[in-house]
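# Observations on chain architecture
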Amino acid sequence: MDTKTKAGAGALPLNTILDGDCIDEMRKLPDCSVDLVFADPPYNLQLKGHLHRPDNSRVDAVDDAWDSFASFQTYDQFTRAWLAEARRVLKPNGAIWVIGSYHNVFRLGAALQDLQFWILNDVVWRKTNPMPNFRGKRLTNAHETLIWASKEEASRYTFNYEALKELNDGVQMRSDWVLPICTGHEREKDENGEKAHPTQKPQSLLHRVMIATSNPGDVVLDPFFGTGTTGAVAKMLGRDYIGIERDADYRRVAETRLARIRKYDKAALEVTRPKRAEPRVPFGQLVERGMLRPGEVLTSLNGRHAAKVRADGTLVADDVKGSIHKVGAALEGAPSCNGWTYWCFKRDGQTVPIDLLRQQIRAEMQ
């Protein structure tokens, strides 16, 4: 067991699958010790007998004992109990994701709000390859719903907006996610070669969740660990995980799976950050470090204007003196100007934006 001690939080069983009931095991964890919770709780499908296809073959549906509850009241009591523990162990700026179908997601949403979680988004996971409706009496159930909530309304939760845009070809990520269900080579198998878990989630879903709402080094808790998709993605992405699973067969599969997972290297774990999150670099620092020399001439990107660098990190052009931004705006007759992208310098006959020098300094600082 890989345990780590964190200030004020005691020892956490990091990168471990805990054997037991999720409520009991969460009670053993310290207050405010977890950054993110991902929970895929029982659906409470309320199946009445076996489900068959038109040819009378039996569908391998979710009919396990863990998904059976005596009543909605019993299910709600269970839901509120585990959610209360999840909220207790979350850090003040922590967040939770819960996933469910139409059978349970509305009850999950009500319980989250009753317990003072603050709902941020509901996400529709639209499955590209859903299981068909064999009886032909309802619409094909082609989606599941995820609810993303912060611990409190005022929580400063993690949201890597720019990274999600990059995942989506530079377009703002929407709340409808089109991803396939877990099939084929991704399916974990038991010793008989059968699928080990009826509702194994695809790695693509957890990858998006963790890239969006966590950072390397964060602690991710999954109270319904199953065959370990949360742990597998967390390990690859440099997060620590805590899994809870009471079924010995699922634990065995998850342990074998996690043993073969390797963490991506540090450089690969970096994601795109917003510009405002990058370290501030004054233009004068380029002059101090000799990257630009006093008296050197900068030219505008459009080639229409020129200005001379002064020793204090200001520019002078005609009768205009001041910062790279002020001088650029004055020359263009504009209310404002981003001097970093406006001004260029010459090196070996090439025109180079001064922002390249700023990025070099930022790389050193990070």
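Residues numbered from 1 in each chain as written. Predicted model: local features only at pLDDT ≥ 70, side-chain atom pairs only at ≥ 80, totals over all residues. Heavy atoms only, no water.

## A word on the pattern of salt bridges
Two side chains that carry opposite charge are able to pair once their charged atoms sit near each other. Convention followed: When a carboxyl oxygen of Asp or Glu lies within 4 Å of a side-chain nitrogen of Lys or Arg, that pair is called a salt bridge. Going along the chain from the N terminus, every DSSP run of H or I of four or more residues is numbered as a helix, and every run of E of two or more is numbered as a strand. Accessible area is worked out with a 1.4 Å probe on protein chains only. A residue is then buried under 20% of its type maximum, exposed over 50%, and partly exposed in between.
The full count for this structure, using the stated rule, is 16 salt bridges. The residue Lys91 makes a salt bridge to Asp35 at a minimum N-O spacing of 3.1 Å. You can see Lys91 sitting in strand E5 (residues 90-100) and its partner Asp35 sitting in strand E4 (residues 34-39), a full 56 residues away along the chain. The class of Lys91 is partly exposed, set by a relative accessible area of 23%. You can call Asp35 buried: its relative accessible area is 17%. Of the charged contacts, one joins Arg80 and Asp114 as a salt bridge, the two residues approaching to 2.6 Å between their closest N and O atoms. Of the two residues, Arg80 is situated in helix H2 (residues 72-89) and Asp114 in helix H3 (residues 105-114); the sequence distance between them amounts to 34 residues. On the accessibility criterion, Arg80 (31% relative accessible area) is partly exposed.

## Some remarks on the nonpolar core
Rules: We call a set of buried residues a nonpolar core when its members are Ala, Val, Leu, Ile, Met, Phe, Trp, Tyr or Cys and they connect through side-chain atoms within 4.5 Å of each other. Only heavy atoms matter for contacts: two residues are in contact if any of them lie within 4.5 Å across the pair.
Within the largest apolar cluster, 33 residues are counted, with the highest numbers of intra-cluster contacts made by Phe38, Trp97, Leu146, Trp177, Leu205 and Met210. Aside from chain neighbours lying at most four places away, what touches Trp97 is Leu36, Val37, Phe38, Ala39, Val123, Leu146, Ile147, Trp148, Trp177, Val209 and Thr213. Within the second largest apolar cluster, 31 residues are counted, among which are Ile23, Met26, Ala86 and Val89.

## Considerations on the domain arrangement of the chain
Applicable threshold: An automatic or database domain assignment provides the domain bounds reported here.
When cut into domains, the chain gives domain 1 (16-48 + 56-269) and domain 2 (283-365). Distance from the C-alpha centre of domain 1 to the C-alpha centre of domain 2: 50 Å.

## Here's the deal with a nonpolar patch on the surface
For the record, the criterion: Patches here: salt-bridge-free residues with over 30% relative accessible area, like charges joined within 9 Å, nonpolar side chains (Val, Leu, Ile, Met, Phe, Trp, Tyr) joined within 5 Å. Throughout, the Shrake-Rupley method with a 1.4 Å probe supplies accessible areas, and for residues the shown protein chains are the sole cover considered.
A cluster of nonpolar side chains, Tyr157, Phe159 and Tyr161, forms an exposed patch at the surface whose accessible area comes to about 250 Å². Positionally, Phe159 belongs in the loop between strand E7 (143-150) and helix H4 (161-167). Judged by its relative accessible area of 37%, Phe159 falls in the partly exposed class.

## Digging into the environment of Tyr161
As a reminder, the rule being used: Within 3.5 Å is the distance limit for a polar contact, defined as a pair of N or O atoms, with the added protein rule that one can donate a hydrogen and the other accept it, and that residues adjacent in sequence qualify only through two side-chain atoms.
Topologically, Tyr161 is positioned in helix H4. Tyr161 gets classed as partly exposed once you look at its relative accessible area, which sits at 30%. Distance in space between the C-alpha atoms of Tyr161 and Met210 is 12 Å, their sequence separation being 49 residues. A distance of 3.2 Å separates a polar atom in the side chain of Tyr161 from a polar atom in the side chain of Gln172.

## A short note on the sheet that holds strand E14 (residues 320-322)
Put simply, the rule is: A pair of strands is labelled paired if DSSP reports no fewer than 2 bridges between them. Axis geometry follows a simple rule: fit a line to the C-alpha atoms, using only the stretch in contact for helices, then measure angles between N-to-C directions, giving values from 0 to 180 degrees.
Taking strand neighbours across the sheet as the criterion, the six strands line up as E14-E13-E12-E11-E15-E16 in an open arrangement whose pairing is antiparallel. Both outer strands of the open sheet, E14 and strand E16 (350-353), are each paired with one neighbouring strand and no more. Going across the sheet, the axis of each strand differs from the next one's by a mean of 35°, ignoring polarity. Examined bridge by bridge, strand E11 (residues 297-300) and strand E12 (residues 306-309) share three bridges and lie antiparallel to one another. In the strand pairing of E12, Leu298 is matched with Ala307. Where helix H10 (residues 324-332) meets the sheet, it contacts E12, strand E13 (315-317), E14 and strand E15 (343-347), and its direction lies at approximately 155° from that of E14.

## A short note on the packing of aromatic side chains
Under the convention used in this document: Only the six-membered ring of Trp is used, alongside the rings of Phe and Tyr, when aromatic pairs are assigned; centres must lie within 6.5 Å, and planes under 30 degrees apart are stacked while those over 60 apart are edge-to-face, with the rest tilted.
Throughout the structure, instances matching the rule amount to 13 aromatic pairs. On the basis of an interplanar angle of 45° and a centroid distance of 5.4 Å, the ring pair of Trp148 and Phe159 is categorised as tilted. With Trp148 in strand E7 and Phe159 in the loop between E7 and H4, this residue pair connects regions lying eleven residues apart in the sequence. Looking at Trp148, the relative accessible area reads 5%, which means it is buried. With centroids separated by 5.8 Å and ring planes inclined at 20°, the aromatic side chains of Phe225 and Tyr241 adopt a geometry described as stacked. With Phe225 in the loop between strand E9 (219-222) and helix H6 (229-236) and Tyr241 in strand E10 (residues 240-244), this residue pair connects regions lying 16 residues apart in the sequence.

## What about the environment of Thr183?
Tracing the chain through its elements places Thr183 in the loop between strand E8 (176-179) and helix H5 (203-213). Judged by its relative accessible area of 39%, Thr183 falls in the partly exposed class. With 54 residues separating them in the primary sequence, Thr183 and Asn129 have C-alpha atoms 9.4 Å apart.

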